[in-house]
Protein chains: 2
Amino acid sequence: MGQSAYRTHYATEVTEAEIGKDVTVSGWVDRRRDHGGVAFIDLRDQTGLVQIVIYDEEIARPLRSEFVVEIKGEVRARPDGNENTHLATGKIEIVARDVTILAKSEALPFQVSTALENESENKLPGEDTRLKYRYLDLRRPAMQRTIRMRAKMSKAAREALDEMNFCEIETPTLIKSTPEGARDFLVPARLIPGSWYALPQSPQLLKQLLMVSGFEKYYQLARCYRDEDFRADRQPEFTQLDIEMSFVDQEDVMAMAEKVIANIWKSAGFEVKLPIPRISWTDAMNKYGSDKPDLRFGNQIVELTDYFKNTPFRVFQNPYVGAVVYKGGASLPRRQFDAWQEWAKQRGAKGLAYVQFEEDGNLKGPVAKNLSDAERNGLKEAVHAENGDAVFFAAGRRETSQLLLGAVRVEIARRQGLLKPDEFALTWVVDFPLFKQADDPDDDDVAVGHSKWTSMHHPFTMPSADWIDNFDQDPEHAMSDSYDIVCNGEEIGGGSVRIHRDDIQNRVLKVLGITPEEAQEKFGFLLDAFKFGAPPHAGIALGWDRTAQLLAGVGSIRDVIAFPKLGSGQDALTGAPAPITDAQRAETGVDYDPDEDED
Amino acid sequence: MGQSAYRTHYATEVTEAEIGKDVTVSGWVDRRRDHGGVAFIDLRDQTGLVQIVIYDEEIARPLRSEFVVEIKGEVRARPDGNENTHLATGKIEIVARDVTILAKSEALPFQVSTALENESENKLPGEDTRLKYRYLDLRRPAMQRTIRMRAKMSKAAREALDEMNFCEIETPTLIKSTPEGARDFLVPARLIPGSWYALPQSPQLLKQLLMVSGFEKYYQLARCYRDEDFRADRQPEFTQLDIEMSFVDQEDVMAMAEKVIANIWKSAGFEVKLPIPRISWTDAMNKYGSDKPDLRFGNQIVELTDYFKNTPFRVFQNPYVGAVVYKGGASLPRRQFDAWQEWAKQRGAKGLAYVQFEEDGNLKGPVAKNLSDAERNGLKEAVHAENGDAVFFAAGRRETSQLLLGAVRVEIARRQGLLKPDEFALTWVVDFPLFKQADDPDDDDVAVGHSKWTSMHHPFTMPSADWIDNFDQDPEHAMSDSYDIVCNGEEIGGGSVRIHRDDIQNRVLKVLGITPEEAQEKFGFLLDAFKFGAPPHAGIALGWDRTAQLLAGVGSIRDVIAFPKLGSGQDALTGAPAPITDAQRAETGVDYDPDEDED
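Numbers given for residues are sequential positions, taken from 1 along each chain in its written order. Each chain is given a letter, starting from A, and each ligand a number, starting from 1, according to the order in which they appear as written. In view of the model being predicted, local features appear only for residues whose pLDDT reaches at least 70, and side-chain atom pairs are presented and counted only at 80 or more, with totals across whole chains, interfaces and linings using the full set of residues. Derived side-chain values reflect all non-hydrogen atoms in the structure, with water molecules and hydrogen atoms excluded from consideration.

Looking up chain A in an unreviewed UniProt entry gives the name Aspartate--tRNA(Asp/Asn) ligase, with the organism given as Bifidobacterium aquikefiri. UniProt positions are given in the numbering used here, feature names are shortened, and annotations may be inferred rather than shown by experiment. Checking UniProt for chain A, the heading Sequence similarities (unreviewed entry) contains the comment "Belongs to the class-II aminoacyl-tRNA synthetase family. Type 1 subfamily." What UniProt records for chain A under Function (unreviewed entry) is the sentence "Aspartyl-tRNA synthetase with relaxed tRNA specificity since it is able to aspartylate not only its cognate tRNA(Asp) but also tRNA(Asn). Reaction proceeds in two steps: L-aspartate is first activated by ATP to form Asp-AMP and then transferred to the acceptor end of tRNA(Asp/Asn)."

Student: Any chance you could break down the interface of chain B and chain A for me, citing the residues and the numbers?
Tutor: If you look at the interface, chain B gives 120 residues, while chain A gives 120 residues. Overall, the association of chain B and chain A removes approximately 10,000 Å² of surface from exposure, summing both partners, and the carbon and sulfur fraction of that is 58%. In what follows, salt bridge is the name for a side-chain nitrogen of Lys or Arg lying within 4 Å of a carboxyl oxygen of Asp or Glu. Remark: the boundary between chain B and chain A carries 14 salt bridges. A salt bridge links A:Arg183 to B:Glu587, with the nearest nitrogen and oxygen atoms 2.7 Å apart. Nitrogen and oxygen atoms within 3.5 Å of one another constitute a polar contact, given that in protein one can donate a hydrogen and the other can accept it, and given that sequence-neighbouring residues count only through two side-chain atoms. The interface formed by chain B and chain A contains 60 residue pairs in polar contact (both at pLDDT 80 or more). The contact definition used throughout considers only heavy atoms, calling two residues in contact when any of these lie within 4.5 Å. Reported buried area values correspond to the accessible surface (1.4 Å probe) lost by two parts on association, with both partners' losses combined.

Student: Go over the packing of helix α7 (residues 281-288) of chain B against helix α10 (residues 398-415) of chain B with me, naming the residues and quoting the values.
Tutor: Residues and elements named next belong to chain B. Contact geometry of α7 with α10 gives a least axis separation of 7 Å together with a crossing angle of 60°. Counting all contacts with α7, which are made through Trp281, Met285, Asn286 and Tyr288, the residues of α10 involved are Arg398, Glu399, Gln402, Leu403, Gly406 and Arg409. For this classification, the nonpolar set comprises Ala, Val, Leu, Ile, Met, Phe, Trp, Tyr, Cys and Pro, the charged set comprises Asp, Glu, Lys and Arg, and every other residue, Gly included, is treated as polar. Across the contact of α7 with α10, the residue classes break down as four nonpolar, three polar and three charged. For every element, the axis is a line fit to its C-alpha atoms; helices are fit only across the contacting stretch, and the angle between N-to-C directions ranges from 0 to 180 degrees. Strands here mean DSSP runs of E at least two residues long; helices mean DSSP runs of H or I at least four residues long; both are numbered from the N terminus.

Student: Please provide a residue-by-residue account of the relation of the copies chain B and chain A, values included.
Tutor: If you rotate chain B by 180° and push it 0.0 Å along the axis, it lands on chain A with an RMSD of 0.1 Å. Put plainly, the chains are arranged around a two-fold axis. Among all residues of chain B, the minimum C-alpha distance to the rotation axis is found for B:Val187, at 2.5 Å. A share of 100% of interface residues in chain B that are also interface residues in chain A marks the association as one of identical surfaces. Only residues with pLDDT of at least 70 in both copies count here: their C-alpha atoms drive the least-squares fit that superposes the copies.

Student: Outline the pairing of strand β5 (residues 92-103) of chain A, supporting the account with residue identities and numerical values.
Tutor: Residue and element names in this part refer to chain A. Here, any two strands with at least 2 DSSP bridges between them count as paired. Across two bridges, the pairing between strand β3 (residues 48-54) and β5 is parallel. Bridge pairing in β5 places Ile52 opposite Ile94. In this structure, strand β4 (residues 68-77) lies alongside β5, joined through ten bridges in antiparallel fashion. Each residue of the ladder has a partner; that of Ala77, found in β5, is Ile92.

Student: Tell me what's going on with helix α13 (residues 544-552) of chain B, and back it up with residues and numbers.
Tutor: Residues and elements named next belong to chain B. Each residue is placed in one exposure class: buried if its accessible area under a 1.4 Å probe, protein chains only, is under 20% of its type's maximum, exposed if it is over 50%, and partly exposed if it falls in between. Most of α13 is tucked away: eight of the nine residues are buried. Those residues of α13 that fall on the buried side of the exposure criterion are Trp544, Asp545, Arg546, Thr547, Ala548, Gln549, Leu550 and Leu551. Just past α13, the residue Gly553 takes up positive phi, approximately 65°.

Student: Explain helix α8 (residues 334-346) of chain A to me, using residue names and the numbers behind them.
Tutor: All names here are of chain A. Each residue after the first adds 1.5 Å to the expected span of a helix. With 13 residues, α8 extends 19 Å from end C-alpha to end C-alpha; this agrees with the ideal 18 Å at 1.5 Å per step. Residues of α8 that are buried: Phe337, Trp340, Gln341, Trp343 and Ala344. Down the axis of α8, the sector holding all buried residues measures 160°, keeping them to one side. Among the exposed residues of α8, those oriented more than 90 degrees off its buried face are Arg335 and Gln346. As for α8, its buried residues are in contact with β13 (320-326), β14 (353-357), β16 (390-396) and α10 (398-415). To obtain the arc, one takes the directions from the helix axis to the C-beta atoms.

Student: Give me the lowdown on the pairing of strand β17 (residues 426-430) of chain A, citing residues and values where you can.
Tutor: Residues and elements named next belong to chain A. With respect to burial, β17 is a largely interior element, five of its five residues being buried. Going residue by residue along β17, you find Leu426, Trp428 and Val430 tucked away on one face and Thr427 and Val429 tucked away on the opposite face as well. Pairing of β17 with strand β20 (residues 482-487), which is carried by five bridges, proceeds in the antiparallel orientation. Residue Trp428 lies in a different strand from β20, and its bridge partner there is Ile485.

Student: Describe the packing of aromatic side chains, and please don't skip the residues or the numbers.
Tutor: Centre distance within 6.5 Å is the pairing criterion for rings of Phe, Tyr and Trp, where only the six-membered ring of Trp is used; planes under 30 degrees apart are then read as stacked, over 60 as edge-to-face, and the remainder as tilted. Across all of its chains, the model carries 46 aromatic pairs over all chains by this definition. Aromatic pair B:Tyr326 and B:Phe392: ring centres 6.3 Å apart, planes at 35°, arrangement tilted. Pair noted here: B:Tyr326 is in strand β13 (residues 320-326) and B:Phe392 is in strand β16 (residues 390-396), with a separation of 66 residues, a long-range link. With respect to class, B:Tyr326 is no different from B:Phe392; both count as buried. In this structure an aromatic cluster arises from ring pairing among A:Tyr326, A:Phe337, A:Trp340, A:Trp343, A:Tyr354 and A:Phe392. We call a charge positioned above a ring when the Lys NZ or Arg CZ atom is no farther than 6 Å from the ring centre and deviates by at most 35 degrees from the ring normal. Seen from the ring of A:Tyr133, A:Lys132 lies directly overhead, with NZ or CZ sitting 5.4 Å from the centre. Taking the ring centre of A:Trp340 as reference, the NZ or CZ of A:Arg415 above it sits at 4.2 Å.

Student: Give me the sheet that holds strand β15 (residues 363-364) of chain B: which residues, what numbers.
Tutor: All names here are of chain B. Pairing is antiparallel in the open sheet, where five strands are placed in the order β12-β13-β16-β14-β15. Only two strands of the sheet have a single neighbouring strand rather than two, namely β12 (302-303) and β15. As paired elements, β12 and β13 share two bridges and run antiparallel to each other. Its bridge partner lying in β13, Glu303 is registered against Gly322. Across the sheet, helix α8 (residues 334-346) lies against β13, β14 (353-357) and β16, angled at about 155° from β14, the strand it touches most. Each of β12, β13 and β16 touches α10; the most contacted strand, β13, lies at about 5° to it.

Student: Let's hear about the sheet that holds strand β17 (residues 426-430) of chain B: which residues, and what values?
Tutor: All names here are of chain B. Judged by pairing direction, the sheet is mixed, and its eight strands sit side by side in the order β6-β9-β10-β22-β21-β20-β17-β11 without closing on themselves. Two strands close off the open sheet at either side, each with one partner strand: β6 (167-168) and β11 (278-280). Sheet topology places strand β9 (residues 217-225) next to strand β10 (residues 237-246); nine bridges connect them, and they run antiparallel. For Cys224, the partnering residue across the bridge sits in β10 and is Phe238.

Student: Describe in detail the pattern of salt bridges, supporting the description with residues and values.
Tutor: Taken as a whole, this structure holds 96 salt bridges over all chains when the rule is applied. One salt bridge connects A:Arg507 with A:Asp472, and the closest N-O pair in it is separated by 2.8 Å. Separated by 35 residues along the polypeptide, A:Arg507 in helix α11 (residues 502-511) and A:Asp472 in the loop between β19 (453-455) and β20 bring together distant segments of the chain. As a salt-bridge pair, B:Asp373 and B:Arg376 come within 2.3 Å of each other at their nearest N and O atoms. Of this pair, B:Asp373 and B:Arg376 are both found in helix α9 (residues 373-382), three residues apart, which corresponds to roughly one turn of the helix. A relative accessible area of 51% places B:Asp373 in the exposed class. Overlapping salt bridges bring together A:Arg150, A:Arg223, A:Glu237, A:Asp545, A:Lys565 and B:Glu170 as one network.

Given below as structure tokens:
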């Protein structure tokens, strides 16, 4: 396997079977120890470590950490008592005869040795330094494992899709700017000055065109781009597993996606029990205060709107009141409850009302005294609390309050250590509304049209069968055939049945406040395509970076991307983006003035 | 297999085994014929055709070409004599009971029916129309086959690479502008006004960094971008199978690539005999007048420089004289030889000298009278011609003359029908020079530095072992460890051993006239990486569009790309590139003026 110009074996291929044989290995000096004039080198290659013994001090002297060396020598058993049972090659060592230094290394800005792997990661420098020297950071076994795991995920997804006869098709990335909820990256077109390409936010329209073309099962691991004000854990370019099918409904897509997901999880060593459970969007909001509920733990939100309908407490005189129990939270010190107020304020809430059920059954906390006797007496039962628990409340607009309680629920679980990274609670969220208010303050997407309504998913989502005739009469309540796949509180993918008829598409665009002229200009090609026999179709896309992050159990999507960017979109390694020369700028054509030609 | 909300079977799954059963199929009306009040519909889906019989005129009436329909009915054997042996489903038909029109179609701008497949393609409109209605063009069986073949190629390549334990890694596409011989597409960075990303011409530097990172076997089907003055058959974005390995030499990479290539060809139904033959760059130029020789036929160039060293003919008094035989060409009419003169002029030559060996052995043609008796007498033997052949000559600078003769050689073969698209002559071209003249008129790449020398491959190519010490003393003759893979006169890929030491890299950059400051600014990150232990590494990239075009036997790479662009970089379907709004332009930051902040 390892045979090449520089080696006969990979490090971990040198096992007891090789004892007595001559081998050549190549790799990096992972660690060096010296005992009584003899140098012991841990040689590292992409398969692992093997121990090299060098008796000749002259030869050993120059070797330093991360030097690249080629070693020829004989394999022997390690002396009794010197075996390393943690190592695949722990029973042998190679006695070096020839050592060739293939490349030297200066002292490293931080250590990458496998030997340090099981020590605390505290020795790692800040992420900026790791990213500046990404080529060194990637040598660390943890990063090697993660990037290789991602490759296995891709392979597993393709295997499952190939098995189902999907066809991989590459779609262009220099496309026309189309509205999909975020800002496009734009590329000036030198040959047609004044014109620009956009980088795709997704291959959405192109894959729909492929369905019109009769490719009934399409997929692609597609690079996508969004020019957002980068939030903590977003990247300007990202990858999605993009899938579309014709002559299918929502159930067909979900069944297909479950097979793909199960195979992806399997590639990372985890089993997914099928079918994946489902929850409606309304239930998810009511019970978990989130459209991407974390189901690794229970502790549902309890709605108390009815319970407090005649309350004397002004704060609870609101369209919605709900609560979340903090199991065992009654005994927390006052300053922790104060900290929760701060926590809530940082999320835009006024504060976080709470009560404590003391071990003796007494009700404590700032809210307690504002409640009526009846409310106090029945509260424990109403919220399913026990003595020793605390209860957090939110009251106000239904959705805003639920989102706050949903965040409280997750934060409690985090503090209780219930968010286990190697436990996966997958769920479908279904029965989404077709539209949402365009001015939703919790959403920073750019509204597409000039109306109070914007699409919950995107403008190409099919109204559910019940609503096809009248979604435009009642946009507030219209439902769609769309679905999200959620894992551990993260949306890892989503999709929908698409509109395949231009009459329905035009009515949806009208609700969104997009004029026929705008529609024609922006995606007239899709509306035109629908005139020539478009099949019913539906699809899904899985966020590849987020999925990899979940499966790798790492804290950031930057840890599953070989060369990620900082929050500002900067690449600490190459310095991109960077100024360009005047000549380059002139060639882009961005300063082209059409009037000049007329002078 | 076909089971979905809209069908129980795919069209071609409805075979004799289904006779007597109820089935549901869905697809497009490929063709409709009517006989005695009965409608016969060829229903098309992605697997092929099945015949539907509709007895109810009311139901059949509205159905037109390319309507999308769902048909429920019973399968029966076709009546005796009505079988179609050309069709997988030719022995059965479905008697329709329910017909649902899923989508209608207007009259098509051109026909896409499978029924027309074996008729002349003359009915196709011009390519502009095909590209404007690409979603219809892709319905044609020929396009379906080509795009699906490309997917199989990708699968075959990944299989071979997985087998050899390669790791697929995604590299970023918003990178820093680096010099690789062509113009970058540039993307303004909104968050850092005045700064720009570049789209990668290849992942070259990133994959070298991955080698420094210890990923010893990398691959990626990578999207690449070049902002060129689009020649006939180039695309602004293209795909390459990008591969890099550590601890290997040229032989290792070539052996690996041969396995990949053999598996790709196999996926398209062709066998490649390994090892693939090799030819040196010098031999390729001398014998075939090309660095990408078409070896489907022989007819080598004959050098006559020595033969004519004392010639009285002024035109042949040149550093190089060579000839190509046109077998049987002596009897061509005079106007054809005149046309060859035009052909040569269009290629930048002054003309094309020729002689004819008539059947009786007489020497004819404009050049004949200018030669000495000895030259005339020995010529037939010297060029290995026979009576009845014509011979074309070129004289002048060696390389220019050889390139002309190389083109003559291919053009003769084309006229003689020797360029068979389903015959593949693969060859490695090896032993390339390290540098070439920067002012080479046959090359429109942008010179990288400020010297008379530019890289034959790219600035990261390793000098061959013999030249490592003195390539900078004698750039003209220095050789490199690089290799191209050529098929049927097309370069489908190429690669090299890379420089992995910063001292060698700096010396190469110096020959190219790149100052240390420029080098540091442009790819200092790579030079820095080489300071921390870079392994010897080498790689290759295969042009995916060109390879697919060859294997599909189609005339243009546009035929193997789902949504290609026109020569100007325009997308006839979507209208990209297009003007952007003032608001979009403002957000790109291209008009940012750093001085304004100071006012």
